[in-house]
Amino acid sequence: MTNLVLFDAPGPKAKRLSLILNILALVAVAAGIAWIIYTLAAPRVYPGANPGEEIVQPGYFDPSRWHIFFGEGSGELWGAIGQGVWATLSAAGVAAILALLIGMVFALLSNAPSRWVRIPTTVVLEFFRGMPVLLMMFFLLIVIFPGAPFWAVVGGLALYNGAIIGEILRAGLKALPRGQREAGLTIGLTSLSTRILIEFPQAFKQMTPIIVAQLVVLLKDTSLGYIVSYPELVRKTMNHLATYYGTDYRMSFFLVTLVIYLAINMLVSTFARYLSKRMTK
Amino acid sequence: MDYFIRYFSELPDMWPLFLAGFIATLQLLVISGLIAFVIGLVVAAFRVSPLGVLRTSGAVYTEIVRNVPLTLIFVFTAVILPTLGLTLIEFKEGKWFVYAIIALSLYTSPFVAEAVRSGFNGVPIGQAEAARSIGLKFGQTLSLVVMPQALRMTIPPLINVFIALTKNTSVAGGFAVAELFSKSGALIERWGNFPIPILLTTAVLYLVITVPLGQIAGYVERKVAVVR
């Protein structure tokens, strides 16, 4: 739309120019994609042990790189990948529920009437939001849950995202008209019940799109479990399976992992967009 | 209490390692931040370009890269790129640093693009219409009216992108880069008595970068907020 305002409406000459440029750009993009596919499909040539010697291996789309995914014994492989997906989704699910709860507590505390509660909460929120989730997971793994990487991953994600959701909810509470709170207090509810029964539901509804977007981030961040030795999807495929089946299949495993992640995340993102459209109606 | 006093007496010995990690983290942040900024600007330009093909490619790039976890991108640069021929032998140990830079720049670029694009889309169309109707040319409209407003609206979200990048540099520690996060692991291995204070010190060093950046973002947001 902005373009229509910035330019005069294109005449026949400008239209033709834009068509030509469009075709050129399309050719360039298509050529780039074709080059990538061609490079991946071409046989791999590595220098051998002796000078002048060459080792030739099949390209990445060769059936010999993919046969483990089909036919006999592939059930076991897909079962292992399924375990990885489940490990990722279950960590994300538990962490999401905990993060929502922690977020609500943080939002309550950071809106508390007493400044002796409010100020320490702000400091703690700032602390959790400002450091890497990975560091938090590492801390939990070493100090609190040694030998239980699942809880280190879940705990780190829950605290970090809880702090962020707390901040989102706090902004949501602040944006509500004052009359809502006054009305609650007038009909005899306590300060806390007003918050929970009247203000929270509205703030939650207002902020749902942002919160869901944050939960997508949480889902992606479960992959940090790779580094703290939690066998989520990336660790399962790129570490366990690629070691078990050999390096010849590494690229295949990478592509499969990539597609699974894209599918899950785009599904959740689409849902988030649908939700935010429904909410803003 | 005694425990912390002992920790602080050991701290001078640990400090060189902390500092080396902190500097490596800053290097990762600045270099990949700059590269991501440039790629992000190009992608943002693609996404608002009059050419449909470029708009679509920009959107597809953003959508794909944003939906891939950072760890998988690190696996791509550190494991897959070498098998594709990018071995970087000439960098010796520094190759891990280069892989990390590639991964972080790649991952951050669509977020930069989105921040820039949202700034431009945030300028109401009436501004450009008004500029055009008082007779300003395309270049004047862009440079005198649209750009000044778009840029100041872009700065706070951009700073937030760089705060996220600061925290994301820690993932490089899992892929053989000796930055702050992996240094904290090395320190705990050597000074096994002090895991908690070492990790707290590491957290504080991250906060030294992220909190001031956040303050600046908030300040800029208030200061340059466009009053219409």
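Residues numbered from 1 in each chain as written. Chains lettered and ligands numbered in written order. Predicted model: local features only at pLDDT ≥ 70, side-chain atom pairs only at ≥ 80, totals over all residues. Heavy atoms only, no water.

Chemist: How should I be thinking about the side chain of Thr154(B) in this particular structure?
Modeler: Counting through the fold element by element, Thr154(B) comes out in helix H6 (residues 138-168). Excluding residues that lie within four positions of it along the chain, Thr154(B) makes contacts with Ala115(B), Val116(B) and Gly119(B). (Helix = DSSP H or I, 4+ residues; strand = E, 2+ residues; numbered from the N terminus. Contact = heavy atoms within 4.5 Å.)

Chemist: Quick question: what am I supposed to make of the pairing of strand S2 (residues 54-57) of chain A here?
Modeler: Each regular strand shows side chains that alternate between the opposite faces of the sheet. All names here are of chain A. Bridge analysis of strand S1 (residues 44-47) against S2 gives four bridges, and the strand direction is antiparallel. Residue Val45 lies in a different strand from S2, and its bridge partner there is Val56. Hairpin connection between S1 and S2: a loop of six residues separates the two successive antiparallel strands, and Gly52 in this loop has a positive phi of roughly 85°. (Pairing = 2+ DSSP bridges.)

Chemist: I keep staring at the interface of chain B and chain A and nothing clicks. Help me out?
Modeler: When the parts of a complex come together, some accessible area is lost, and that lost area is often used as the size of the interface. Of the residues lining the interface, 52 residues belong to chain B; the matching set on chain A comes to 48 residues. Carbon and sulfur atoms make up 75% of the area that chain B and chain A hide from each other, which totals about 4,300 Å². Our enumeration of links across chain B and chain A arrives at one salt bridge. Of the charged contacts, one joins Arg273(A) and Glu63(B) as a salt bridge, the two residues approaching to 3.2 Å between their closest N and O atoms. There are 12 residue pairs in polar contact (both at pLDDT 80 or more) connecting chain B and chain A. With 10 residues, the top contributor of residues to the side of chain B that touches chain A is helix H8 (residues 195-223) of chain B. Looking at the side of chain B that touches chain A, its residues break down into 33 nonpolar, 14 polar and five charged. (Buried area = accessible area lost by both parts, 1.4 Å probe. Salt bridge = Lys/Arg side-chain N within 4 Å of Asp/Glu carboxyl O. Polar contact = N/O pair within 3.5 Å; in protein donor to acceptor, adjacent residues only side chain to side chain. Nonpolar A, V, L, I, M, F, W, Y, C, P; charged D, E, K, R; others polar.)

Chemist: Honestly, the packing of helix H4 (residues 74-110) of chain A against helix H5 (residues 115-130) of chain A in this entry has me stumped. Any pointers?
Modeler: Between two packed helices, the angle of one axis relative to the other and the distance separating the axes together describe the packing. All names here are of chain A. Relative orientation of the contacting elements H4 and H5 amounts to 140°, with a least axis distance of 8 Å. Classified by the angle their axes make, H4 and H5 are oblique. Residues Phe106, Leu109 and Ser110 of H4 pack against Val117, Arg118, Thr121, Val124, Leu125 and Phe128 of H5. (Axes fitted to C-alpha atoms, helices over the stretch in contact; angles between N-to-C directions. Parallel < 35°, antiparallel > 145°, perpendicular 65-115°, else oblique.)

Chemist: Just to check I follow, could you spell out a nonpolar patch on the surface for this structure?
Modeler: Residue and element names in this part refer to chain A. A cluster of nonpolar side chains, contributed by Leu17, Ile20, Leu21 and Leu24, occupies part of the molecular surface with about 380 Å² of accessible area. Relative to the helices and strands, Leu24 resides in helix H2 (residues 12-41). Leu24 gets classed as exposed once you look at its relative accessible area, which sits at 53%. (Patch = residues over 30% accessible without salt bridge, like charges linked within 9 Å, V, L, I, M, F, W, Y side chains within 5 Å. Areas by Shrake-Rupley, 256 points an atom, 1.4 Å probe, with all protein chains shown as cover. Buried < 20%, exposed > 50% of the residue type's maximum accessible area, 1.4 Å probe, protein only.)

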